[in-house]
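# Geometric and topological summary
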Amino acid sequence: MIIFLTLDNFEINDKFPSPVNKDEYWIRQRFNSPLRSRYTRSADRKIDYIQHAGIDLAPNPNAKDFNVYSIYNRKIVKIVKNGGDDHGLGNLIIIGHDINNSKIYSLYARLRKIRDGLKEGDYIKKGEIIGEIGATGYGCNYWRIGEDGCDKLSRLDTYLHFEIKILSKLESPLDAKCFVNNSFKNCYGYTPDNPEKYGYINPLKFLSSE
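Residues numbered from 1 in each chain as written. Predicted model: local features only at pLDDT ≥ 70, side-chain atom pairs only at ≥ 80, totals over all residues. Heavy atoms only, no water.

The element strand β8 (residues 91-99) is extensively covered by neighbouring structure, given that 8 of its 9 residues are classed as buried. Bridging between β8 and strand β9 (residues 102-114) involves 8 bridges; their strand directions are antiparallel. Its bridge partner being in β9, I99 is matched across the sheet by S102. Hairpin connection of β8 to β9: 2 residues between the antiparallel strands, including N100 at a positive phi of 55°. (Buried < 20%, exposed > 50% of the residue type's maximum accessible area, 1.4 Å probe, protein only. Helix = DSSP H or I, 4+ residues; strand = E, 2+ residues; numbered from the N terminus. Pairing = 2+ DSSP bridges.)

And the structure:
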């Protein structure tokens, strides 16, 4: 992973709170960042590069605030618990928003925990705590520094995976197939090309927009 940007000089529009404490986090993976799958090596090198469909926000070493905050008002439309159907995204929340006469959805994934008592249909105010950052996926604390896995003992790779999209789906809003584990499958958190072609919105541009 490459540090793309610190958040020190990133100006968020006043109408949006940051999904994490901006003073204590940095971007460990940016939007539309290419990654070659560690699990796949195709004969055609082009097809197994996938593009990151959100941003990953990781805490600084001295961070004390591990809360995740809703970026805007509206109802929770989906809660998925860390388990077999999370597709590597772990505990996650999707909130639907009506912004500038458009319906958009914010997704907060890999959470260590979802705030007690939250359920689908609850009305959430912007800036409200909805959970805590984590490393969950595939039913356990899966994401690690180094080799990932439920049975590994290396340090947890703790961060918030954050997406803005046009539909309340875990996978790509518009049909997309990613070449993973030597076959084409639905894309979760990645797309085969620029994510804006598949119904994702660049979170940094969105949060700084008028």
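Nonpolar side chains collect at one region of the surface, where I166, L167 and L174 lie side by side and expose about 220 Å² of accessible area between them. Within the fold, L174 resides in the loop between β14 (160-165) and β15 (177-180). (Patch = residues over 30% accessible without salt bridge, like charges linked within 9 Å, V, L, I, M, F, W, Y side chains within 5 Å. Areas by Shrake-Rupley, 256 points an atom, 1.4 Å probe, with all protein chains shown as cover. Salt bridge = Lys/Arg side-chain N within 4 Å of Asp/Glu carboxyl O.)

Before going further, it helps to spend a moment on the pattern of salt bridges. In total, this model carries 10 salt bridges according to the counting rule given. A salt bridge links K103 to D98; the shortest N-O distance between them is 3.9 Å. For K103, a relative accessible area of 38% corresponds to the partly exposed category. In this structure, R112 and E132 form a salt bridge, with 2.6 Å as the shortest nitrogen-oxygen distance. With R112 in strand β9 and E132 in strand β11 (residues 129-133), this pair connects stretches of sequence that are 20 residues apart.

The next thing to look at is the packing of aromatic side chains. Under the defined criterion, the tally for this structure stands at 7 aromatic pairs. With centroids separated by 4.9 Å and ring planes inclined at 55°, the aromatic side chains of F179 and F184 adopt a geometry described as tilted. The structure contains a cluster of three or more aromatic residues connected by ring pairs, namely F16, Y72 and F206. Above the plane of the ring of Y159 lies R28, whose end atom (NZ or CZ) is 4.6 Å from the centre. (Phe/Tyr/Trp six-rings, centres within 6.5 Å; stacked < 30°, edge-to-face > 60°. Lys NZ or Arg CZ within 6 Å of the ring centre and 35° of its normal.)

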